[in-house]
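The residues making up each chain are set out below.
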Amino acid sequence: DCNAVLKALQPIFQEQGMTETVHNWEDHGYLATYIKKNGSFANLRIHPHGLVLVDLQSYNDHTKGREEVDQLLNKVEERMKELFHGNIKRVKRLPAVLRGGVIDRYWPTADGRLVEYDIDEVVYDEDSPFQNIKILHSKQFGNILILSGDVNLAESDLAYTQAIMGSGKEDYTGKEVLILGGGDGGILYEIVKLKPKMVTMVEISFASNIDQMVIDGCKKYMRKTCGDVLDNLEGECYQVLIEDCIPVLKRYAKEGRMFDYVINDLTAVPISTSPEEDSTWEFLRLILDLSMKVLKQDGKYFTQGNCINLTDALTLYEEQLSRLYCPVEFSKETVCVPSYMELY
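Residues numbered from 1 in each chain as written. Predicted model: local features only at pLDDT ≥ 70, side-chain atom pairs only at ≥ 80, totals over all residues. Heavy atoms only, no water.

What about the pattern of salt bridges?
For step 1, the next point in the chain: Within this structure, the stated rule accounts for 14 salt bridges.
For step 2, the next point in the chain: In this structure, arginine 257 engages glutamate 176 in a salt bridge whose closest nitrogen and oxygen atoms are separated by 3.8 Å. With a gap of 81 residues between them, arginine 257 in the loop between α7 (245-255) and β14 (259-265) and glutamate 176 in strand β11 (residues 176-181) connect regions that are remote in the sequence.
For step 3, the next point in the chain: Taking the relative accessible area as the measure of exposure, arginine 257 reaches 24% and is therefore partly exposed.
For step 4, the next point in the chain: One continuous salt-bridge network, built from bridges that share partners, spans Asp70, Glu77 and Arg93. (Salt bridge = Lys/Arg side-chain N within 4 Å of Asp/Glu carboxyl O. Helix = DSSP H or I, 4+ residues; strand = E, 2+ residues; numbered from the N terminus. Buried < 20%, exposed > 50% of the residue type's maximum accessible area, 1.4 Å probe, protein only.)

Here it is in structure tokens:
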């Protein structure tokens, strides 16, 4: 009985000195709005099938204000239990969403869920010619690199770097390694420790998510990830090229330069079910083909996949592997990347 619910709850809001406006639709229930003089307001939506929603919005930057909200919601729950003699199937109270703050704590997962991080500081926030670059500090995950709204890597995420290097099963001693992307420096830092012959890291592509400003931000604020390898573009066993990776790959293929390992850390698999209509899939196929041309016959190619819930995108990516100019074998591994809060 929508009308009975409305009449039972009206006094709670009226006691707060809130101005009421009620809308009702035949067969569609009620919407009542309550507005306070300070601009705070509540929406009460009563559906005929039994769902009752209460949304409160207020500007509260102090403990007292939050306590007032909790008290009002407590009264609503108590009145509803009295009205229905305790026969309520479920009560769910969601935590407050904080909007308009200096620090944005809400970021989406790859499969579209919204995660609230314990962000307490904006460490770095700049716009490059290619993208917005943020490094935010999380009490749980350390500094987090976020590129144009996409959580890339946190200082806690060694599991990601280890997985894309083969999870400790590969011997990089004396090997030639090519890294595509990887501008946070994590892969380069970990491989250099393993005494390779030479590591070449190729940065920016217009289809990449890395540029010089990303490197500059990471070498200053992500040192737990990159150590000191980004301080100089050349070291004893590595070099960083700030060039478009596609012409570099074509040049290496023409020169006959070959690598024991190619590690692609450019971009995640796009969320798409129409690869023929998606230029990003064409880009991925191009990178794969070019990488195979510079990879030794017994070489290995590593890349990240995507969130384990995006089964269609992952299946389509695997289908691309059968379209390469040469036959390949592949395997996959699922790991938990801490700051992603999802399996990858």
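Picking up where we left off.
A look at the sheet that holds strand β9 (residues 142-147)
For step 1, the next point in the chain: Spatial strand order, β7-β8-β9-β10: 4 strands in an open sheet with antiparallel pairing. The open sheet is flanked by β7 (119-127) and β10 (150-154), the only strands paired with a single partner. Direction aside, the axes of adjacent strands within the sheet are offset by 25 degrees on average.
For step 2, the next point in the chain: Pairing of β9 with β10 involves 4 bridges; the strand directions are antiparallel. Pairing of leucine 145 across the sheet is with leucine 153, part of β10.
For step 3, the next point in the chain: Docked against the sheet, helix α5 (residues 212-221) engages β7, β8 (132-138) and β9, running at close to 145 degrees with respect to β7. (Pairing = 2+ DSSP bridges. Axes fitted to C-alpha atoms, helices over the stretch in contact; angles between N-to-C directions. Contact = heavy atoms within 4.5 Å.)

What to know about the UniProt feature "active site" (unreviewed entry) in the protein
For step 1, the next point in the chain: According to UniProt, the positions carrying the feature "active site" (unreviewed entry) are Asp265.
For step 2, the next point in the chain: Among the secondary structure elements, aspartate 265 is positioned in strand β14.
For step 3, the next point in the chain: Looking at aspartate 265, the relative accessible area reads 7%, which means it is buried.
For step 4, the next point in the chain: Of the polar contacts made by the side chain of aspartate 265, one reaches the side chain of tyrosine 160; its length is 2.4 Å. (UniProt positions renumbered as here; feature names shortened; annotations may be inferred. Polar contact = N/O pair within 3.5 Å; in protein donor to acceptor, adjacent residues only side chain to side chain.)

Looking at the side chain of glutamine 304
For step 1, the next point in the chain: The residue glutamine 304 is located in the loop between β15 (295-303) and α9 (311-320) in this model.
For step 2, the next point in the chain: A polar atom in the side chain of glutamine 304 sits 3.1 Å from the side chain of threonine 303.

Brief notes about the sheet that holds strand β1 (residues 19-25)
For step 1, the next point in the chain: Spatially, the 4 strands line up as an open sheet ordered β1-β2-β3-β4, and their pairing is antiparallel. Looking at which strands have only one partner, the edges of the open sheet turn out to be β1 and β4 (52-57). With strand direction ignored, the average angle separating the axes of adjacent strands in the sheet is 10 degrees.
For step 2, the next point in the chain: Looking at chain direction, strand β2 (residues 29-35) and strand β3 (residues 41-46) are connected through 6 bridges and run antiparallel. The residue of β3 that forms the bridge with threonine 33 is asparagine 43.

Quick look at the side chain of asparagine 306
For step 1, the next point in the chain: Along the chain, asparagine 306 turns up in the loop between β15 and α9.
For step 2, the next point in the chain: In terms of polar contacts, asparagine 306 uses its side chain to reach the side chain of tyrosine 344, at 3.4 Å.

With respect to the state of the cysteines
For step 1, the next point in the chain: The full count for this structure, using the stated rule, is 0 disulfides.
For step 2, the next point in the chain: We note that cysteine 218 lacks a disulfide partner, and the nearest cysteine sulfur, in cysteine 226, lies 6.4 Å from it.
For step 3, the next point in the chain: When its relative accessible area of 0% is taken as the criterion, cysteine 218 is described as buried.
For step 4, the next point in the chain: Free of any disulfide, cysteine 336 has its nearest cysteine sulfur in cysteine 307, 11 Å distant. (Disulfide = S-S within 2.5 Å.)

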